[in-house]
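Breakdown of the fold
Here is what each chain is made of, one letter per residue.
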Amino acid sequence: MSDSQSPPAATNGPATAKDTEEAARRQRERVDKYLAQSPVTAGGAVATDAGRLEYRSVAGFLPVRAGGIDAKRGDPEAAVFTTAYLAGDDALRPVCFAFNGGPGSASIWLHLGALGPKRVVVPDDARMPLPPFEVSDNPLTWLRHFDLVFVDPPHTGWSISADDDARRKHLSVDGDAAALADVIEGWLTRHRRWGAPVFVAGESYGTTRAAALADKLLDAGVALAGLVLVSCAMDLQTLVFAPRNDLPYALFVPAFANTAQYHGRLRGAPGASSEAARAAAEAFVADDYLAALHAGARLDGARRGRVARRLAELTGLPRQLVERHNLRIDDATFFVELLRDQGRIVGRLESRSTGPMAARQRTDWEFDPGIEAIVAPYTGAALRYFAQVLGLHEGAQASQRYEVLSLDAHRRWDWNRKGEGGEPQRGNAFASTSDDLSRALRRNPHLRVLVASGRYDLGTPYSASDWSLAHLDVPADVRTRVTHRYYDAGHMMYTREADLRQLAADLARWLHPA
């Protein structure tokens, strides 16, 4: 983590008021330097299925103003790094703003995985490739459909807040959405693109952000033409295993079954194919499991036995383990127990991927093989590309670390939403932006939504996304504007060539329906 994004460095004693003041001055100075820099431009071209596509890249910083879109503008609260690809000079060409999630992740995954004119190629089977790590042409780039703007939210990439108060605000659900709305408005103004169709694409927590933005941007006069949600995470209640929250225990079962079948742990009819495994699990959840969870201790012995046996059959886990966990298998248990007899752990973001357990075969999950397989390739290739192709080897940011995944930002995140009075709500609640998306769909009659889910994603399982979409607070005619597509890989399904192509085809059909 760079010093621009960290608390003051430790000294031999407690920090004095003078130390704190000096650190704040340096942080403000860095924001001002970033914002004073001129954007860096470069030319490029990519061969696509439709022919050669020429473009120019524009990389630089945009301010987040105090007050954002809701009040009179003040001094910059942050400098946010964006990388844009522009094909031609048509001011009314559609433009798509894209970001990843975390929270705490930079945008390199969508940028160099699926959307941009260059991509990092990794093995289809979710293994880590050998170096060197480089980018290749992406003939399926979304630049064919619209100009692209990749945004690194505050405290990811090179983006930073101006002071600690701004940092606390930006590291929150509503503060983050307000900052990104301000950046989008600022980019449209700087590049004279008001009036062009605007799209937003987010992945993982980026879908949490994107759902909020769909409603937030309407207040700034930006009515989105479309929203692309990759690996949906609008309702944290569907994803967080917590006491008194039985929802994820049910919603993860189809993805557990799909993963268990892939690794050869299912027997009988569910083991015949991934389709059979998912169908059996979905039927079990709907017909038996939800009611059993709801019954709790009221479940009689015979019925409890039947549920335990079937849950074990569909997850590939020992029945004794299922019984010991009170019929509730969380993700961490599944990761370490499915392949314990092989000494392997299962990936979370890409459950086709596995990694070795420690020799002691502990019960804690030490790392995610799915993300480990791509962090180094993407980081190495991205930083080389930024410096050697986009020309970002100079400037004030060049001496700072590019935060691909900021664990500090993730740890400090405030999940509380603001209430009607603007004050953060406190108490027993899971963050959700489904109501924001529902309201945006009702307010904007032209907003359309494309959702992409990987069947081997155990971070945001496809069935949890099914639940979120089924519970949008919209009437039936509005619901027809929401499309859900599925892929046979994990969280970043585009790392698999066949799914990259399918995603591109699904996007084209969604943009240009027959």
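Residues numbered from 1 in each chain as written. Predicted model: local features only at pLDDT ≥ 70, side-chain atom pairs only at ≥ 80, totals over all residues. Heavy atoms only, no water.

**Considerations on the packing of helix α8 (residues 274-295) against helix α9 (residues 301-315)**
Relative orientation of the contacting elements α8 and α9 amounts to 150 degrees, with a least axis distance of 11 Å. As the angle between them shows, α8 and α9 are arranged roughly antiparallel. Judged by the sense of rotation from one axis to the other, the crossing of α8 with α9 is left-handed. In this structure, α8 uses A280, A281, F284, D288, Y289, A291 and A292 to contact α9, whose residues at the interface are R303, V307, R310, L311 and L314. Among the residues forming the contact of α8 with α9, the class breakdown is nine nonpolar, no polar and three charged. (Axes fitted to C-alpha atoms, helices over the stretch in contact; angles between N-to-C directions. Helix = DSSP H or I, 4+ residues; strand = E, 2+ residues; numbered from the N terminus. Parallel < 35°, antiparallel > 145°, perpendicular 65-115°, else oblique. Left-handed = near helix turned anticlockwise from the far one by under 90°. Contact = heavy atoms within 4.5 Å. Nonpolar A, V, L, I, M, F, W, Y, C, P; charged D, E, K, R; others polar.)

**Here's the deal with the state of the cysteines**
Here the structure, examined in full by the defined rule, presents zero disulfides. Cysteine C232 remains unbridged, with the sulfur of C96 as its closest cysteine sulfur at 16 Å. C232 gets classed as buried once you look at its relative accessible area, which sits at 4%. (Disulfide = S-S within 2.5 Å. Buried < 20%, exposed > 50% of the residue type's maximum accessible area, 1.4 Å probe, protein only.)

**A closer look at unusual backbone geometry**
The residue after G102, namely P103, is reached through a cis peptide bond having omega -5 degrees. Here P103 shows up in the loop between β4 (95-99) and α2 (108-115). With an omega of 10 degrees, the peptide bond between P131 and P132 qualifies as cis. Here P132 is to be found in the loop between β5 (118-120) and β6 (135-137). Although it is not a glycine, L327 adopts a positive phi angle of roughly 65 degrees. Take L327: its relative accessible area is 3%, and that puts it in the buried class.

**With respect to the pattern of salt bridges**
According to the stated counting rule, one finds 33 salt bridges in the structure shown. For E134, the salt bridge identified is with R384, shortest N-O distance 3.7 Å. Of this pair, E134 sits in the loop between β5 and β6 while R384 sits in helix α12 (residues 369-388), and the two are 250 residues apart along the sequence. The exposure class of E134 is partly exposed, given its relative accessible area of 43%. The partly exposed category is assigned to R384, whose relative accessible area is 40%. As a salt-bridge pair, R265 and D341 come within 2.8 Å of each other at their nearest N and O atoms. One end of the pair, R265, is in the loop between α7 (253-262) and α8; the other, D341, is in the loop between α11 (331-337) and β11 (344-346), with 76 residues separating them in the sequence. Residue D341 is classed as exposed on the basis of its relative accessible area, which comes to 59%. (Salt bridge = Lys/Arg side-chain N within 4 Å of Asp/Glu carboxyl O.)

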